Amino acid sequence: MNILITGAVAGLGRALCEKLLDEGHNIIAIDINKDGLEELKKQRGDLLDVIQVDLTISDAVSRLIETLAKGTRFDLVVLNAGINATGNFEENPGEAYRRLLTINTETPIIMASAMIGGNMMETGGTVVFVSSLSHATGYPGASVYAASKDAIATYASSIRRACARMNINILTIFPGPIKTDHAARHAPKGADAERRMAPNRLAFLVLNAVSQRKHDLYPGVIAKLTNVAGRLLPAFLTRLMRRIVFEKLDKPTY
Amino acid sequence: MKVDQATNILITGATDGIGLLLAHLYLAQGANVVITGRRDAKAVEQVIPKDAIYIQANQEHPQITADLITKAMTEIGWDHCDLAILNAGNGHVCNPLQENPEAIRDTLNVNLVAPILIARTLVRFLDKAHHGKLVFIGSTSHKGAAKFASYAASKAGLHGFARSLREEWHHRITVLIIHPGPTATGMHAKAGFDAGAMKRLFFDPDYVARTIVASIHKGASPVSIGVFARIKQALSLRKNPVSAGDI
Ligand SMILES: NC(=O)c1ccc[n+]([C@@H]2O[C@H](COP(=O)([O-])OP(=O)(O)OC[C@H]3O[C@@H](n4cnc5c(N)ncnc54)[C@H](OP(=O)(O)O)[C@@H]3O)[C@@H](O)[C@H]2O)c1
C-alpha cells in the first residue's frame, strides 16, 4: 500500500509509521520536526519518504498538495497532525488559536477535499481523521481544541456518503489521552500517565478499524463507555471534565 | 436582566437577515447597539437602523476583526458589554468533494476562527457587565450536512467551543449557542443554493429572531430551533416568544 501520514515523528503517527513499515508498505511521512524526520529516514530507509512542512501555514499546505499530486495515488491517508492549547481560554494568545484551528481543522479538511476530489486516492482506500474523546465530553480548559475536534468529526461525517460512492472509506477516531509528550505537557496536575493509552496499542486498533472499513472508532473500553455516557448526560460529563481537568490546570500552555 | 439605556449590546453580521432583525428588536427595547458587517458603511447606510453604531469588519480576517470591534467599543466609551451575539456567518454550497480551498478557508475563518478570537478580546467587556452573556449563532446542520460540509464543520466547531467555554465561565459569563434551522433569509442565495419549493418550509426570519431573543433571556444552551419549534409555530401556540424589555 501507498500511505501518507501527517505528524509522523511522534505519538500515534510514529507508531503507525513503524507498524506499517514493518509490514512492508511505502510511506510518505510529514512532520514539522526536521531532525525527527531525518532520524526516522536514517533508521527506516528505503520504504520511507519524508517531507518537512509546517501544517499551521495555509500556503505551505497548498504547496504540499501540489507536490503530492505529482506522485502515486494513496491507499491510506492518516491526517493525524494536531496541537493543543490549554489553560484559561482568554490567557493563550490569539495567534496560538489561529495556528491550532489551522492545523487541527482547516488543514485536514483542505487535504482530504483536495486528495479525494483531485483523484489522488486509490479506489478502496481510506482517509482517517483524528478527532478526540472530547467530542463526547467537552473539554473546559481547552475549548478551542474541543472546537477543532468537533469540527473535524462533523466534516468527516458530512463527506462520508459522497466518498462511499467512490468506494473510499472515511474513518474518524476519537481517542482519549495517549501516552505522548504532547499529552503530558497539557495534562492537569497529578494526572496518572499510566492510564493513557500507549501509541502502539492505539495504532493497532486504528489499523484494525481501517481493514474492517469502520466509520467511527472509540478506541478501548473506557473511550466506548465515555461515548455512551456523553450521549446520555452531555452536560454532566462536561461538568465532570471541568473538575478533573480545567480546575487542575495551572498555567496557559500552547 | 432589564434592558435600559445603560445596556450595551454587540451583534455581528447585522446588515441582513437574522442579525438585522435582532438589532431592531434590541433597539426597540432601548439598548445601545453596536453592529458589524463586511460591507462599507456607505453601502449599508440605507439598510441598517439609524440608532445603531456600525463597524465594518470582515471576518475573513479574524484577528483584525476582533481588534476593530474592541477598538470601536473603547472609542465610543463602552467599558462593558452586557450581551454579545456572534451571528455573522456565510457558506458555500457544493458537492463536498469539489469544495474549493479558498471557499473552505473563508467559511472556517468567518464562522469559526473569527467568533473564537472575538470572544477572546471581548472577555474584559463581558466581565465588567453585571451578568454578561455571550451568544453564538450555530446551525442545526452542526451534526453534519452533505451539501455544506465545511459550513457544517464550522458550526460543529462553534458548538464544541460554546459547550466547553460555558462550563469554563460558569458563574462568570453565560455562554449560549443557539442553532436555527433553515430560515428564509438571503443566506442560501448568497451561498449559491436554490432552495426551490423547499423554501416554503423554511422558518420566518422574524420568528427565528424572536425565538433567539427569548432563548437568550432564558439562558439555556444548546438550543435548536428545529422540528419542535416548527410544530409550535404551525399551531401558533407562541405567536410572540419575546419577553419585552429583558435580555
Ligand atoms: N438562514 C438560515 O437558514 C440559517 C440556518 C441556520 C443558521 N444560520 C446562521 O444564522 C446566522 C445569520 O444568518 P442569516 O440567515 O441571517 O444570513 P444573512 O441574511 O446572509 O446574514 C448574514 C450576516 O452576516 C454578514 N456577513 C457575511 N459574511 C461576513 C463576513 N465575512 N464578515 C462580516 N460579516 C459577514 C452578512 O453581511 P452582508 O449583508 O454583507 O451579506 C449579514 O449581515 C449565520 O451565522 C448563519 O450561519 C442561518
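This text follows the structure it describes.
Below is a short write-up of the structure.

Rules behind the numbers
Residues numbered from 1 in each chain as written. Chains lettered and ligands numbered in written order. Predicted model: local features only at pLDDT ≥ 70, side-chain atom pairs only at ≥ 80, totals over all residues. Heavy atoms only, no water. Near = heavy atom within 4 Å. Polar contact = N/O pair within 3.5 Å; in protein donor to acceptor, adjacent residues only side chain to side chain. Areas by Shrake-Rupley, 256 points an atom, 1.4 Å probe, with all protein chains shown as cover. Helix = DSSP H or I, 4+ residues; strand = E, 2+ residues; numbered from the N terminus. Nonpolar A, V, L, I, M, F, W, Y, C, P; charged D, E, K, R; others polar. Contact = heavy atoms within 4.5 Å. Buried area = accessible area lost by both parts, 1.4 Å probe. Salt bridge = Lys/Arg side-chain N within 4 Å of Asp/Glu carboxyl O.

Once that is clear, we can look at the site of the ligand. All names here are of chain B. As a matter of local geometry, the ligand sits amid 31 residues, with Thr 15, Asn 87, Tyr 151, Thr 183 and Thr 185 nearest to it. In the environment of the ligand, an oxygen atom lies 2.7 Å from a nitrogen or oxygen atom belonging to the side chain of Arg 38. Tyr 151 places a polar side-chain atom, nitrogen or oxygen, 2.6 Å from an oxygen atom of the ligand. Summarising the interface, the protein chains cover 98% of the accessible area of the ligand, which totals 880 Å² for the free molecule. Broken down by secondary-structure element, the contributors of at least two residues to the shell around the ligand are α1 (17-28), α5 (149-168) and α6 (187-190). A per-element tally of the shell around the ligand places α6 first, with three residues. Class assignment of the residues belonging to the shell around the ligand gives a composition of 10 nonpolar, 15 polar and six charged.

Glancing now at the interface of chain B and chain A. Think of interface size as the accessible area that goes away when the parts come together; that is how it is often given. With 38 residues of chain B at the interface, the matching set in chain A holds 47 residues. At the boundary of chain B with chain A, total buried surface from both sides reaches about 3200 Å², with 62% on carbon and sulfur atoms. It is Leu97(B), Arg163(B) and Glu168(B) that lose the most area in chain B upon contact with chain A, and together they represent 23% of the buried surface on that side. The interface formed by chain B and chain A holds three salt bridges in total. Between Glu106(A) and Arg105(B) there is a salt bridge, and its shortest N-O distance comes to 2.8 Å. Breaking the side of chain B that touches chain A down by element, the ones donating at least two residues are α4 (101-128) and α5 of chain B. With 13 residues, the top contributor of residues to the side of chain B that touches chain A is α5(B). For the side of chain B that touches chain A, the class distribution of residues is 20 nonpolar, 10 polar and eight charged.

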